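Commentary on secondary and tertiary structure
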Amino acid sequence: MTQDELKQATARAAVEYVPAGIIGVGTGSTANYFIDELARIKGRIDGAVASSEATAQRLKSHGIPVLDLNSAGELAVYVDGADEITEHMHMIKGGGGALTREKIVAACSRKFVCIADGTKLVGMLGKFPLPVEVIPMAQSHVARQLVKLGGQPVLRQGFTTDNGNVILDVHGLKIMNPVELESEINQITGVVTNGLFARRPADVLLLGTGEGVKMLTGD
Ligand code: 5RP
């Protein structure tokens, strides 16, 4: 199976986790496959909260109502992809630049269902450059602090987030303690969010493999 077919298979499996009501929907190519699957059962839900403008557009194109998070309250489920994930359900996210809204919607959700092809499962996070969303005037300051933490930050050229900020992709980090590093980076003045999702990890991983979709939990 190709990587895209594996993403599609996990997206299809995630439909089983969709309850009635309002759900949260992530961003990226795997999340896009999930939105396409969601369209088939859209009568089951009242609508979705989107983690990016791109996701909102795709949901609307399928006739799925897009709802405001502040009116939606707590969500039962959030479904999203990841750039890397460990067996402890810690993730790096933000390859698509939507990390801040993704983290907000995840924080408001009782269950985080991560959908990913098998290449995303890693022993240690950090081979994928860690995205950090930064207020533009703080870019140089934040970059200097990230160097002190052992990383090599690179400005994502020509990219502005949905929130009007820039992204530094931090290379070369060997992330032994993702919970601690997530907090440490968030303490740097000018950082909006970083792409470590460890303090609020996934609850379930649906992993697309050649032998089918495997369900993993952090327990
Ligand atoms: C976007 C994300 C995505 O979930 C992550 O980049 C994975 O993307 P894809 O499903 O295209 O491999 O965090 O900000």
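Preceding block: the structure.
This text gives an overview of the structure that appears in the document.

Here the focus is the nonpolar core. Grouped together as the largest cluster of nonpolar side chains are 24 residues, with contacts concentrated most on Val-25, Phe-34, Leu-38, Leu-59 and Ile-115. Counting only elements with at least two residues in this core, the list comes to α1 (3-14), β1 (21-25), α2 (29-40), β2 (45-50), α3 (53-61), β3 (75-80), β6 (109-117) and β12 (204-209). Element by element, the count of residues in this core is highest for α2, at five residues. Once residues lying within four places of it in the same chain are set aside, the contact partners of Leu-38 are Val-18, Ile-23, Val-25, Ile-45, Leu-59 and Ile-64. Counting residues in hydrophobic clusters, the runner-up holds 19 residues, among them Leu-130, Val-134, Val-170 and Leu-196.

Position of Ala-14 among the secondary structure elements: in helix α1. Between the C-alpha atom of Ala-14 and that of Met-176, which follows or precedes it by 162 residues, the distance is 29 Å. Apart from residues lying up to four places away in sequence, Ala-14 is in contact with Phe-34, Val-79, Ile-115 and Leu-206.

The next point concerns the side chain of Glu-84. Here Glu-84 shows up in strand β4 (residues 84-85). Only 2.8 Å separates the side chain of Glu-84 from the backbone nitrogen of Gly-126, close enough to count as a polar contact. Contacts of Glu-84, omitting those with residues within four sequence positions, involve His-90, Met-91, Ile-92, Lys-120, Val-122, Met-124, Leu-125, Gly-126, Lys-127 and Phe-128.

Moving on: the site of the ligand. Ser-29, Thr-30, Asp-83, Gly-94 and Lys-120 are the nearest of the 17 residues found near the ligand. A distance of 2.5 Å separates an oxygen atom of the ligand from a polar atom in the side chain of Thr-30. At 2.7 Å from an oxygen atom of the ligand is found a side-chain nitrogen or oxygen belonging to Lys-120. Burial of the ligand by the protein chains amounts to 91% of its free accessible area of 380 Å². Here the residues of the shell around the ligand are counted per class, giving two nonpolar, nine polar and six charged.

The next subject is the packing of α2 against α3. Between α2 and α3, whose axes approach to 10 Å, the crossing angle comes to 25°. Judged on the interaxial angle alone, α3 and α2 are roughly parallel. By crossing handedness, the relation of α2 to α3 is classed as right-handed. Mapping the contact onto sequence places Asn-32, Ile-35, Asp-36 and Leu-38 in α2 and Thr-55, Arg-58 and Leu-59 in α3.

Definitions and cut-offs
Residues numbered from 1 in each chain as written. Predicted model: local features only at pLDDT ≥ 70, side-chain atom pairs only at ≥ 80, totals over all residues. Heavy atoms only, no water. Core = buried A, V, L, I, M, F, W, Y, C linked by side-chain atoms within 4.5 Å. Buried < 20%, exposed > 50% of the residue type's maximum accessible area, 1.4 Å probe, protein only. Helix = DSSP H or I, 4+ residues; strand = E, 2+ residues; numbered from the N terminus. Contact = heavy atoms within 4.5 Å. Polar contact = N/O pair within 3.5 Å; in protein donor to acceptor, adjacent residues only side chain to side chain. Near = heavy atom within 4 Å. Areas by Shrake-Rupley, 256 points an atom, 1.4 Å probe, with all protein chains shown as cover. Nonpolar A, V, L, I, M, F, W, Y, C, P; charged D, E, K, R; others polar. Axes fitted to C-alpha atoms, helices over the stretch in contact; angles between N-to-C directions. Parallel < 35°, antiparallel > 145°, perpendicular 65-115°, else oblique. Left-handed = near helix turned anticlockwise from the far one by under 90°.

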